Protein chains: 2
Amino acid sequence: MPPQPSQLILLIFNSDFSNSCLFSILQQNKGPGVACDFELHVNSLVGCRQSVQFQSSEFNMPSEKSEKAMSPKITGELLRQLRQAMKNCKYFSEPIQAYIIPSGDAHQSEYIAPCDCRREFISGFDGSAGTAIVTEQHAAMWTDGRYFLQANQQMDNNWTLMKMGLKETPSQEDWLISVLPENSKVGVDPWIIAADQWKNMFKALSSAGHSLVAVQDNLIDAVWPDRPERPSTQLRSLGLDFTGISWQDKITTLRAKMSERKITWFVATALDEIAWLFNLRGADIEYNPVFFAYTIVGMSTIRFFVDLKRLSDPAMREHLQLDSPSKPELSIQTFPYESVYTELQAICAALGPKDKVWICDKASCALTQVIPKTHRSPIPYTPLCLGKAVKNATEIQGMKMAHIKDAVALCELFAWLEKEIPNGNVTEISAADKAEELRSQQKDFVGLSFPTISSVGPHGAIIHYRPLPETNRTLTVNEVYLIDSGAQYVDGTTDVTRTMHFGTPSAFEKECFTYVLKGHIAVSAAIFPNGTKGHLLDSFARAALWESGLDYLHGTGHGVGCFLNVHEGPCGISYKTFADEPLEAGMIVSDEPGYYEDGSFGIRLENVVLVVPAKPKYNYRNRGSLTFEPLTLVPIQVKMMNTELLTQKERDWVNEYHRKCREVVGAELERQGRQEALEWLIRETQLII
Amino acid sequence: MPPQPSQLILLIFNSDFSNSCLFSILQQNKGPGVACDFELHVNSLVGCRQSVQFQSSEFNMPSEKSEKAMSPKITGELLRQLRQAMKNCKYFSEPIQAYIIPSGDAHQSEYIAPCDCRREFISGFDGSAGTAIVTEQHAAMWTDGRYFLQANQQMDNNWTLMKMGLKETPSQEDWLISVLPENSKVGVDPWIIAADQWKNMFKALSSAGHSLVAVQDNLIDAVWPDRPERPSTQLRSLGLDFTGISWQDKITTLRAKMSERKITWFVATALDEIAWLFNLRGADIEYNPVFFAYTIVGMSTIRFFVDLKRLSDPAMREHLQLDSPSKPELSIQTFPYESVYTELQAICAALGPKDKVWICDKASCALTQVIPKTHRSPIPYTPLCLGKAVKNATEIQGMKMAHIKDAVALCELFAWLEKEIPNGNVTEISAADKAEELRSQQKDFVGLSFPTISSVGPHGAIIHYRPLPETNRTLTVNEVYLIDSGAQYVDGTTDVTRTMHFGTPSAFEKECFTYVLKGHIAVSAAIFPNGTKGHLLDSFARAALWESGLDYLHGTGHGVGCFLNVHEGPCGISYKTFADEPLEAGMIVSDEPGYYEDGSFGIRLENVVLVVPAKPKYNYRNRGSLTFEPLTLVPIQVKMMNTELLTQKERDWVNEYHRKCREVVGAELERQGRQEALEWLIRETQLII
């Protein structure tokens, strides 16, 4: 699936720039991650004269709840209760005049659990992006063009919709300053707001004589009697056969990096980093095999904050060596999830004058501010994030296996679609369900890695489309079908997009598909110096489209976890350069250029690829070279190609790719006795000339 | 010539990274602009663990003075006088304990005039990069690996060389903190230090209990009795036939932009921006047709600060309408150059509460700090910088004419070299002199646009090599010859690099040349969306080299002025992304990939190219597309090409380029009756198959 945005998106546009134009782009590209791609493209249309900042939490994935009814939630009584809580000195020593309710959880996760959907609870608006602010008199909701209609339908008259991106819409700061009485206090839950976001809001309010204050108890929770429990699913420990490195060795490596940089403590808050560190997985958040926890690692202690009930299982205690640690410095001290704050306070109270504490600059304001500024050493990427990104041999082997199984399921799906579509019984939803069913038959299947994008004809042009009962379209032999899907297996995570036609594609559809294919190959076959940043490869994916005056409004690739989140940092392939670390062998990213003809069709071609050493003729300054090896092994539909537009090199690439698909996936299909799919694979991997 | 660095260069390297390796790179790439290219490449070799900041002023062009003798300057008495001045309350109310002497002038120019070479005067060290700091006890000089040897030779025992880039070398801040007594005052001339550099030094010193103080009178000038006068060369006014837009219209456009952003005053400090605004040129700084001046533009007033003697000429007074302005708001008030400070103070004293003043964030600390913070609106690029970058039809026509004349001179040079080299009488210096002589025969020739890089064999691998009598090498039929040169004509500025062999090149030389040519063509022929930033095109220039494991350690292109500086912002083509604005039609940049085989040969292929609209088959979202049109029209040596490595498209590009050279330059050679050069041109532009 297309890359997600990073922390902050800068939408730069001219004051002359027609709003209707901006919103037609925003609305055509519903779904997460899309808006982040506007930087370049809106910039392209106009000069840079005016800037608006969107927060990434506002571009999260629509959750299951998007399928809910669209009638407004009655919020009068709830708001009354919230305003009472705002005046109640039980929560803050003085009354507060405004309360900010961002989307998001205390770990700054991309996907969130139901108990963290507080903004939805208070307003009724369940879009993936939105920030609510409630004052004594007003209740206002900031969201972007994708959600104007939906927010209007889901919110009652107590709420004012603040249409982000419109010139006349004030920023949250400006609006607060315009409505607040002098010397007001604005409250926010410091766990939900990231340290850098806090900083900006704090500055803006202070300069206008107000103050931003941290309210430790969440005031929405205070008025939410039937709030869902925080999930505490069963933990799964992964052995060396899946992880390649024991958690003990990961701790040792982490400490070596800390000692190299003279760091005495490290605070881990990102859920996937903690899961990776301890070789544990959970199911607390849909699609993401993570669990709610914190970890603080010192040079001789490890503190693990998690619902302690989860650690009662003897096998789990054995995995973590809770009862008989091999060495004292590898002894894990366990604490309740909630006690991270007080424990970190205690650690900080005992810091020596030269002690330094590492924490990610995107961690919550609450934990960040516990660490005194002189001891705080914020980092854009933690050593766990960087360590997790470079997969070891075992993880690579697992990812390869997962992709072979995934290819088996997809070959079966496509063989089935080819047979069933002419009967007119297959819909976007039933095709997605069939894909899930086939994947679930594969060994060590755990679940999907993100909601399947199954889209026919014009729906394909909606980049993050997800079929809903009211939009569900039937697959026919007359329209292009795009399916972007993936799964979690215990050995790896997959994410693959194929675009197919089950009848006769038009010359224009084939032409566009071929340009996208050329871009996909240009990235996949690129050879580049060791340490090149991914953003330097992005234009390779676009050159063929650009030559014909075409383009696509999203990045080209994102990092992929190993039985972890399908989107992970710190590497990627994008024209956006603010968030990528150099590529190195063992990193895994997606390669997914596309083309979207609004109202007609969408094309995207996505493989997950592994960064591997390359051995070109020369080796300039002994730097070494890298290239990509496709892990995804699913045929690319030849029927959609205009092979005359391909160079001989590109045809060779397609033939070699298809040879490998046939060899590797064919053997597995044979082993599993899936004859029809095998025949389909053989038909679809004929040589092209 | 290869791009120059921007304000700050971040050299990031691992503590494991061998210093000898770093310095071998630094030393092999002597000359300006090179070190700025290390960011990616050093990064490529290692992780990012440690960072050192170099200031751009430290990578300026070596001046004529590099040819001076290398014996140390005796500085004992000078330093004694300087230390006395540091204690003299005539200059600062209290004694100062350290004085910083950066390289650079009050306009943050890339090239500086002799009167501004203060660091050289006090130390003897005349390299292009260096910062001196003198305390009561010490005198220390920070410079980079290119200059370790030279600095050691030119400085006497009073000085300690601080080898930048070595792990053990402290930063200026750290060193100051380590040697200064408590509560020290560190002085600096606020005119020479840029606002952002001041800010960093100020913070570091403050946090250690010291203070950075602005000493208004330069203390070097105080001890420099025979300091050269600030140049005040004759000004040249350019008519509409050269500039296309009157200065009055430029002022009107500037004011429209100010009023759009609610700005009441604009302070211009960059010399090329002021020259462009008033359609004036000077010769105060070698190679750069600029003159020392400041300008402050309000909504109804224009204040011009310049040596008033330069405005006595009646034609000049007429040009500026000094005696009979057409409208009151276009009346220019003239002031002595030195009075800019007090005039800006007076303006700021009268500011209304909502008044805002634009100043470039790279302007001097002195002028920046005159503007109260609440009224200051710093911008990375001024409207003049952006306006100057987009050339109008007249400027484009002038640039085309200048490049035709320049091509005539180069065709003559190459025809002459072909004839003379076998006689063994041509050296790097005599070839450069011949190029200058031939250029000077062309109409409206003013001078060179930078020192000619004329390099044979291994010298070609030194990216900014400049032949000196002691290095001067003879051109032979056995070695590759690289010449990177350019001139200032009244109608335009040129910058062209050709790499030739006058005997039989080796297969490897041809192979490398062909990869560089492929990269050059890939950029030149690229079609890309309107508003794309140049850095997104950089990898196109490298793809063919990368595929064979090769690369080059500099950017691919820089902006070029029109009868102005050969390096100008804000656009360029580089993997460095911190300083480029989107490309638009009318911008002019260089396209100059290269390959450097240390100790053997260097290859660079440089055209100046104009950004022009492209008309591909489709027009996605009506964004429009752009491509490049070469302005440089000098044959590319076919003998150096391995045409088998070229695609048909690339061969077509070469043939079409050569057809155009023959048609356009051929006609001019014919008109000028330069028969031998014409014959050479015809021979060198035969079709390739």
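Residues numbered from 1 in each chain as written. Chains lettered and ligands numbered in written order. Predicted model: local features only at pLDDT ≥ 70, side-chain atom pairs only at ≥ 80, totals over all residues. Heavy atoms only, no water.

Per an unreviewed UniProt entry, chain A carries the name Xaa-Pro aminopeptidase 1 and comes from Haplochromis burtoni. What UniProt records for chain A under Subcellular location (unreviewed entry) is the sentence "Cytoplasm". What UniProt records for chain A under Cofactor (unreviewed entry) is the sentence "Mn(2+)". (UniProt positions renumbered as here; feature names shortened; annotations may be inferred.)

Peer 1: What exactly am I supposed to notice about the pattern of salt bridges here?
Peer 2: When the charged atoms of two side chains lie near each other, side chains of opposite charge can form a pair. Applying the stated criterion to the full structure yields 72 salt bridges over all chains. Between E547 of chain A and K649 of chain B there is a salt bridge, with its nearest N and O atoms 2.9 Å apart. In this pair, E547 of chain A sits in helix α19 (residues 538–547) while K649 of chain B sits in helix α20 (residues 648–671), so the two residues belong to two different chains. Note on K649 of chain B: relative accessible area 57%, which makes it exposed. When the shortest N-O distance is used, the salt bridge between D538 of chain B and R542 of chain B registers 2.7 Å. Of this pair, D538 of chain B and R542 of chain B both sit in helix α19 (residues 538–547), 4 residues apart, roughly one helical turn. (Salt bridge = Lys/Arg side-chain N within 4 Å of Asp/Glu carboxyl O. Helix = DSSP H or I, 4+ residues; strand = E, 2+ residues; numbered from the N terminus. Buried < 20%, exposed > 50% of the residue type's maximum accessible area, 1.4 Å probe, protein only.)

Peer 1: Would you mind going over the domain arrangement of chain A with me for this structure?
Peer 2: Accessible area lost on assembly of the parts is the figure often given for the size of an interface. All names here are of chain A. Annotation of chain A at the domain level lists domain 1 (75–223), domain 2 (236–387) and domain 3 (393–684). Taking only C-alpha atoms, the centre of domain 2 and the centre of domain 3 are 35 Å apart. Contacts between domain 2 and domain 3 engage 18 residues on the former and 22 residues on the latter. Summed over both partners, the interface of domain 2 with domain 3 comes to about 1600 Å²; 61% of that surface belongs to carbon and sulfur atoms. Together, F242, Y287 and Y381 form the three largest contributors to the area buried by domain 2 at its contact with domain 3, with a combined 39%. Viewed at the interface, domain 3 and domain 2 are joined by 0 salt bridges. Counting across the interface, domain 2 meets domain 3 through 4 residue pairs in polar contact (both at pLDDT 80 or more). (Domains from an automatic or database assignment. Contact = heavy atoms within 4.5 Å. Buried area = accessible area lost by both parts, 1.4 Å probe. Polar contact = N/O pair within 3.5 Å; in protein donor to acceptor, adjacent residues only side chain to side chain.)

Peer 1: Please explain the nonpolar core as it appears in this structure.
Peer 2: A general trend in soluble globular proteins is that nonpolar side chains are found buried together. Among the nonpolar cores identified, the biggest contains 150 residues, and F414, L417 and F628 of chain A together with F414, L417 and F628 of chain B are the most heavily contacted of them. Leaving out residues up to four positions away in the same chain, L417 of chain B has contacts with P422, V426, A431, L475, Y481 and F502 of chain B. (Core = buried A, V, L, I, M, F, W, Y, C linked by side-chain atoms within 4.5 Å.)

Peer 1: Is there a simple way to think about the sheet that holds strand β20 (residues 487–489) of chain B in this case?
Peer 2: Hydrogen bonds between backbone groups are what pair the strands of a sheet, and the pairing can be parallel or antiparallel. Residue and element names in this part refer to chain B. Spatial strand order, β17-β20-β21: 3 strands in an open sheet with antiparallel pairing. Across the chains shown, the open sheet's two edge strands, defined by having one partner strand only, are β17 (445–448) and β21 (492–493). Looking at chain direction, β20 and β21 are connected through 2 bridges and run antiparallel. Of the residues in β21, the one forming a bridge with Q488 is T493. Packing of helix α17 (residues 428–440) onto the sheet brings it into contact with β17 and β20, and relative to β17 it is tilted by some 165°. (Pairing = 2+ DSSP bridges. Axes fitted to C-alpha atoms, helices over the stretch in contact; angles between N-to-C directions.)

Peer 1: I'm lost on the relation of the copies chain A and chain B in this one. Help?
Peer 2: For the match of chain A to chain B, the screw axis carries a shift of 0.0 Å, the RMSD comes to 0.1 Å, and the turn is 180°. Such values leave the two copies arranged in the relation of a two-fold axis. Taken as a fraction of all interface residues of chain A, those also at the interface in chain B reach 100%, which identifies the copy contact as same-surface. (Least-squares fit on C-alpha atoms with pLDDT ≥ 70 in both.)

Peer 1: Sorry if this is basic, but what is going on with the UniProt feature "domain: Peptidase M24 C-terminal" (unreviewed entry) in chain A here?
Peer 2: In the numbering used here, UniProt assigns the feature "domain: Peptidase M24 C-terminal" (unreviewed entry) to residues 626–687 of chain A. Between the C-alpha atoms that bound residues 626–687 of chain A the distance is 27 Å, and the span itself is 55% helix and 8% strand.

Peer 1: Explain the packing of aromatic side chains here, please?
Peer 2: For any pair of aromatic rings, the description rests on two quantities: the centre-to-centre distance and the angle between the ring planes. In total, this model carries 47 aromatic pairs over all chains according to the counting rule given. Relative to W358 of chain B, the ring of F266 of chain B has its centre 6.5 Å away and its plane inclined at 90°; by these criteria the two rings are edge-to-face. Of this pair, F266 of chain B sits in strand β10 (residues 265–268) while W358 of chain B sits in strand β15 (residues 357–360), and the two are 92 residues apart along the sequence. Of the two residues, F266 of chain B and W358 of chain B, neither departs from the other in class, the shared state being buried. An aromatic cluster is present here, built from W191, F292, Y294, Y337 and Y341 of chain A joined pairwise through their rings. The ring of F292 of chain A carries R230 of chain A above its face, with NZ or CZ at 4.5 Å from the centroid. Here the guanidinium or amino end of K250 of chain A rests over the ring plane of W276 of chain A, the centre of that ring lying 4.1 Å away. (Phe/Tyr/Trp six-rings, centres within 6.5 Å; stacked < 30°, edge-to-face > 60°. Lys NZ or Arg CZ within 6 Å of the ring centre and 35° of its normal.)

Peer 1: For this particular structure, what's the right way to read the interface of chain A and chain B?
Peer 2: Listed per partner, the contact involves 46 residues of chain A and 46 residues of chain B. Across the interface of chain A and chain B, roughly 4300 Å² is buried in total on both sides, 56% from carbon and sulfur atoms. In terms of surface lost to chain B, no three residues of chain A exceed W546, Y620 and R621 of chain A, which account for 17% of the buried area on that side. On the surface where chain A and chain B come into contact, there are 8 salt bridges. Two residues, R623 of chain A and D551 of chain B, come together in a salt bridge whose shortest N-O distance is 2.8 Å. On inspection of chain A and its partner chain B, the count reaches 16 residue pairs in polar contact (both at pLDDT 80 or more). A total of 5 residues in the side of chain A that touches chain B trace back to one element, the largest contributor, which is α19 of chain A. Of the residues assigned to the side of chain A that touches chain B, the class counts are 21 nonpolar, 14 polar and 11 charged. (Nonpolar A, V, L, I, M, F, W, Y, C, P; charged D, E, K, R; others polar.)

Peer 1: Where do I start with the packing of helix α18 (residues 507–524) of chain A against α19 of chain A in this structure?
Peer 2: Two quantities define a packed helix pair, namely the angle between the helix axes and the distance between the axes. All names here are of chain A. Running from N to C, α18 and α19 cross one another at 155°; their axes reach a closest spacing of 7 Å. As summarised for this structure, α18 and α19 are arranged roughly antiparallel, according to the angle between their axes. Once α18 is placed against α19, the crossing between them reads as right-handed. Here Y515, V516, K518, G519, A522 and V523 of α18 lie close against α19, whose contacting residues are F540, A541, A544 and L545. Partitioning the contact of α18 with α19 into residue classes produces 8 nonpolar, 1 polar and 1 charged. (Parallel < 35°, antiparallel > 145°, perpendicular 65-115°, else oblique. Left-handed = near helix turned anticlockwise from the far one by under 90°.)

Peer 1: How should I be thinking about the pairing of strand β6 (residues 160–163) of chain A in this particular structure?
Peer 2: Sheet faces and side chains relate simply in a regular strand, where the side chains alternate between the two faces. Residue and element names in this part refer to chain A. Looking at chain direction, strand β5 (residues 139–143) and β6 are connected through 4 bridges and run parallel. Bridging from a neighbouring strand, A140 pairs with T160 of β6. Considered for its hand, the β-α-β crossover made up of β5, helix α5 (residues 148–154) and β6 is right-handed. (Right-handed = clockwise from strand over helix to strand, strands pointing away.)

Peer 1: Help me understand the sheet that holds strand β5 (residues 139–143) of chain B, please; the structure alone is not making it clear to me.
Peer 2: Residue and element names in this part refer to chain B. Strand order in this open sheet of 6 strands is β6-β5-β4-β3-β7-β8, and the pairing throughout is mixed. Because the sheet does not close on itself, it has two edges, and the strands there are β6 (160–163) and β8 (211–214). On average, adjacent strands in this sheet sit at an angle of 25° to one another, irrespective of strand direction. By the bridge criterion, 4 bridges tie strand β7 (residues 185–188) to β8 in an arrangement that is parallel.

Peer 1: What's the story with the packing of helix α20 (residues 648–671) of chain A against helix α21 (residues 675–684) of chain A in this structure? I'm lost.
Peer 2: All names here are of chain A. Between α20 and α21, the least distance of the axes is 10 Å, while the angle of their chain directions is 170°. What the angle tells us is that α20 and α21 run roughly antiparallel. Judged by residue contacts, H658, C661, R662, V665, G666, L669 and E670 of α20 engage A677, L678, L681, I682 and E684 from α21.

Peer 1: Would you take a moment to explain unusual backbone geometry for this structure?
Peer 2: In terms of backbone geometry, most residues other than glycine have negative phi values and most peptide bonds are trans. Residue and element names in this part refer to chain A. For the bond from G569 to P570, the omega torsion is -5°, close enough to zero to count as cis. Note that P570 resides in strand β25 (residues 568–573). Look at Q321: it is not a glycine, yet its phi comes out positive at around 50°.

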